[in-house]
Amino acid sequence: MKLIGSYTSPFVRKISVILLEKGLVFEFINQSPWTDDSHVPQYNPLGKVPALIDDNQLTWFDSSIIAQVIELRGDAPALLPTDALRALQIRQLEKLADGINDAAVMIVREQMRPGDQQSEEVLLRNRDKIQRGLDALETAAAQGELLNSGTLNLADIATGCMIGYLNFRRVLPNWCVNRPALVKLAQTLFERESFARTVPPTR
């Protein structure tokens, strides 16, 4: 398998963590989607990472789709339950974490613009999305059923990668205030080898 993506992308990190947790061998092809000479559009017409080339040479894109493709292989440990409804609930939390990442990326990209060209409306709207999303994940983590249950699942991995990205890009530095369940979950996840091996580079 080949994983195409950037070391700093939380979506790529999610897939890397999944592959590492399952002990699957893969080749990482470092490609930024933001450069003019990027090869990413060859794998995903939308020009976004990650993309995965599987053992049958089929190309997949979108991290949620790739996660499902990997899960369908049947390799242990399973990251989704066999109960279809419960699996869908976990996948919804995965998408919530991914949505927070989308908002965080929007903030990062907006802040790269010259100060007088930045839109305060864009920044505020996406910060609000992040706050609401984190509140919903905190509730789920505190309940400990679909998230933070003690058995690693896809929602846990997506949430951990999202929190890692918020920390890495210093988006919403006070995210942890009044969210003890998410703090505990993050601490637990960051101690796992799969997360330690996929920490984004500082340069």
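Everything below is about the structure printed above this text.
Anyway, here's the lowdown on the structure attached to this text. (Residues numbered from 1 in each chain as written. Predicted model: local features only at pLDDT ≥ 70, side-chain atom pairs only at ≥ 80, totals over all residues. Heavy atoms only, no water.)

**Description of the pattern of salt bridges**
Part 1 of the reasoning: Applying the stated criterion to the full structure yields eleven salt bridges.
Part 2 of the reasoning: In this structure, Lys22 and Glu71 form a salt bridge, with 3.1 Å as the shortest nitrogen-oxygen distance. You can see Lys22 sitting in the loop between helix H1 (10–21) and strand E2 (27–30) and its partner Glu71 sitting in helix H3 (residues 63–72), a full 49 residues away along the chain. Here Lys22 matches Glu71 in class, with each residue buried.
Part 3 of the reasoning: Between Asp135 and Arg179 there is a salt bridge, and its shortest N-O distance comes to 2.9 Å. With Asp135 in helix H5 (residues 120–143) and Arg179 in the loop between helix H6 (154–168) and helix H7 (180–190), the pair connects residues that are 44 residues apart, well separated along the chain.
Part 4 of the reasoning: Classification of Arg179 as buried rests on a relative accessible area of 5%. (Salt bridge = Lys/Arg side-chain N within 4 Å of Asp/Glu carboxyl O. Helix = DSSP H or I, 4+ residues; strand = E, 2+ residues; numbered from the N terminus. Buried < 20%, exposed > 50% of the residue type's maximum accessible area, 1.4 Å probe, protein only.)

**What about the packing of aromatic side chains?**
Part 1 of the reasoning: One pass over the structure, following the stated rule, counts two aromatic pairs.
Part 2 of the reasoning: Look at Phe190 and Phe195: their rings are 6.1 Å apart centre to centre, the planes differ by 50°, and that puts the pair in the tilted class.
Part 3 of the reasoning: With relative accessibility at 33%, the residue Phe190 sits in the partly exposed group.
Part 4 of the reasoning: Here Arg109 stacks its cationic end above the ring of Trp34, 3.8 Å away from the centre of that ring. (Phe/Tyr/Trp six-rings, centres within 6.5 Å; stacked < 30°, edge-to-face > 60°. Lys NZ or Arg CZ within 6 Å of the ring centre and 35° of its normal.)

**A short note on the packing of helix H4 (residues 84–111) against H5**
How two helices pack is summed up by the angle between their axes together with the distance between the axes.
Part 1 of the reasoning: Following both chains from N to C, one finds H4 and H5 inclined at 155°, their axes separated by 9 Å at the closest point. The angle between H4 and H5 places the two elements in the roughly antiparallel class. Where H4 crosses over H5, the two elements pack in a sense that is left-handed. Seen from H4, the contacting residues are Leu93, Leu96, Ala97, Ile100, Ala103, Ala104, Met106, Ile107, Glu110 and Gln111; seen from H5, they are Val122, Leu123, Asn126, Arg127, Lys129, Ile130, Gly133, Leu134, Ala136, Leu137 and Ala140.
Part 2 of the reasoning: Its residues assigned to classes, the contact of H4 with H5 comprises 15 nonpolar, three polar and three charged. (Axes fitted to C-alpha atoms, helices over the stretch in contact; angles between N-to-C directions. Parallel < 35°, antiparallel > 145°, perpendicular 65-115°, else oblique. Left-handed = near helix turned anticlockwise from the far one by under 90°. Contact = heavy atoms within 4.5 Å. Nonpolar A, V, L, I, M, F, W, Y, C, P; charged D, E, K, R; others polar.)

**Topic: the pairing of E2**
Part 1 of the reasoning: Note: strand E1 (residues 2–5) against E2, four bridges, orientation parallel. Across the sheet, Gly5 pairs through a bridge with Asn30, a residue of E2. (Pairing = 2+ DSSP bridges.)

**Regarding the sheet that holds E1**
Part 1 of the reasoning: Strand order in the open sheet formed by four strands is E2-E1-E3-E4, and the pairing between neighbours is mixed. With one partner strand each, in any of the chains shown, E2 and strand E4 (59–61) form the two edges of the open sheet. Across this sheet, the average inter-strand angle for adjacent strands is 20°, counted without regard to direction.
Part 2 of the reasoning: Two elements, strand E3 (residues 51–53) and E4, share three bridges in a ladder whose sense is antiparallel.

**Focus on H5**
Part 1 of the reasoning: Over its 24 residues, H5 extends 35 Å from the first C-alpha to the last, a length consistent with the 34 Å expected when each residue adds 1.5 Å.
Part 2 of the reasoning: Where H5 is concerned, the buried positions are Val122, Leu123, Asn126, Ile130, Gly133, Leu134, Leu137, Glu138, Ala140 and Ala141.
Part 3 of the reasoning: In this structure, the buried residues of H5 make contact with H4, H6 and H7. (Expected span 1.5 Å × (residues − 1).)

**Considerations on the environment of Gln118**
Part 1 of the reasoning: Within the fold, Gln118 resides in the loop between H4 and H5.
Part 2 of the reasoning: Since its relative accessible area comes to 27%, Gln118 is described here as partly exposed.
Part 3 of the reasoning: Sequence spacing of Gln118 and Ile107 is eleven residues, and the spatial spacing of their C-alpha atoms is 9.8 Å.
Part 4 of the reasoning: The contact partners of Gln118, leaving out residues within four places of it in the chain, are Glu110, Gln111, Arg113 and Leu123.

Purely geometric stuff here, so don't read any function into it on its own.
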